[in-house]
Amino acid sequence: MTVLLVQSVAVILIYFVTLFVIATAIRNNSIVDMAWGPGFVLVTSFAYVNAGFYTMRATVAMGLVALWGLRLATHIMKRNWGKPEDFRYANWRQEWGKWVVPRAFFQVFLLQGFFMLVVVSPVLLIQAAPQPGFGWLEAVGLAVWLVGFYFESVGDRQLRDFKADPANKGKIIESGLWRYTRHPNYFGEATMWWGLGLMALPVPYGWVGMIGPATITWLLMFVSGVPMLEKKYRGRPDFEAYAARTSAFFPWFPRK
């Protein structure tokens, strides 16, 4: 496991350094968003092949990460391709001034690489385990993952369709899954990683992998997800009314 971890760190480091060089050359740090999902596919594919155990548990986990990562990358690429740098990164570029290059290297690319390593830890533990089997706990984890995939993929599609309608320009989506949570896609992403965390529990030190889903949930709820996205909507009467009756993260019935 130690060797596999060191090798995975190297893969992630090379990946994000390469992204940093490209982003600096084109002056667009938001390409890191498009590269988030494929980075997980890359490191889990490398670990899967390099560990060489090919158990059913490891194969299913690898497949789930690939399905999630490639779908997310396709969605973000369609949304962002040909557009200017995302407002978050553009704001940081202005705030950081002459220090934008070193700060972007450490605070955007290396930091995301670190979080990728932490989040993917349950899958690395699964791939490093030679024990075969796929029991009830793995089945529960798979079911949880499927719930998360539904929320993220359907939530993204509903938002895309909503924005594609010119009649909705300037409006906030409040229909579909967005009626029960202000961020069904973020909830879905966190839920998928909790599913993978459950699948890792039967393997040696699998409980350590729970740090992965806990970390992505914390990031989405309190750091780079909900707070950062909602910041630009604060103060708008329509958003404040929507926020008052709709759960921020966990799906629940709207308040009266």
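See the structure above.
What you are looking at is a predicted structure, and each value in this text was computed from that prediction instead of being measured. (Residues numbered from 1 in each chain as written. Predicted model: local features only at pLDDT ≥ 70, side-chain atom pairs only at ≥ 80, totals over all residues. Heavy atoms only, no water.)

**Q** Can you lay out helix H3 (residues 56-80) for me, pointing to particular residues and giving the numbers?
**A** Relative to the 36 Å expected for 25 residues at 1.5 Å per residue, H3 spans 36 Å between its end C-alpha atoms, a close match to the ideal helical length. Count one or two residues on from H3 and you reach Gly82, which has phi positive near 80°. (Helix = DSSP H or I, 4+ residues; strand = E, 2+ residues; numbered from the N terminus. Expected span 1.5 Å × (residues − 1).)

**Q** Give a detailed account of a nonpolar patch on the surface, specifying residues and quantitative values.
**A** Nonpolar side chains collect at one region of the surface, where Leu201, Tyr205, Trp207 and Val208 lie side by side and expose about 460 Å² of accessible area between them. You can see Trp207 is positioned in the loop between helix H8 (184-200) and helix H9 (211-223). (Patch = residues over 30% accessible without salt bridge, like charges linked within 9 Å, V, L, I, M, F, W, Y side chains within 5 Å. Areas by Shrake-Rupley, 256 points an atom, 1.4 Å probe, with all protein chains shown as cover. Salt bridge = Lys/Arg side-chain N within 4 Å of Asp/Glu carboxyl O.)

**Q** Residues and numbers for helix H11 (residues 237-245), please.
**A** The complete set of buried residues in H11 reads Phe239, Tyr242 and Ala243. All buried residues of H11 fall inside an arc of 95° around its axis, so they share one side. H11 presents Pro237 and Ala244 as exposed residues on the side facing more than 90 degrees away from its buried surface. Check the buried side of H11 and you find it contacts helix H10 (226-230). (Buried < 20%, exposed > 50% of the residue type's maximum accessible area, 1.4 Å probe, protein only. Arc of directions from axis to C-beta. Contact = heavy atoms within 4.5 Å.)

**Q** Explain the packing of aromatic side chains to me, and be specific about the residues and the numbers.
**A** Counted by the stated rule, this structure contains 21 aromatic pairs. When the ring of Tyr15 is compared with that of Phe16, the centres are 5.4 Å apart and the planes differ by 85°; the resulting orientation is edge-to-face. Under the relative-accessibility criterion, Tyr15 is labelled buried at 17%. Owing to a relative accessible area of 1%, Phe16 belongs among the buried residues under this scheme. Aromatic pair Tyr180 and Phe253: ring centres 6.2 Å apart, planes at 85°, arrangement edge-to-face. Residue Tyr180 is located in the loop between helix H7 (136-164) and H8, and its partner Phe253 is located in the segment after H11; the two are separated by 73 residues in the primary sequence. Judged by its relative accessible area of 29%, Tyr180 falls in the partly exposed class. Feature note: the residues Tyr150, Phe151, Phe187, Phe249 and Phe250 constitute an aromatic cluster, connected by ring pairs. (Phe/Tyr/Trp six-rings, centres within 6.5 Å; stacked < 30°, edge-to-face > 60°.)

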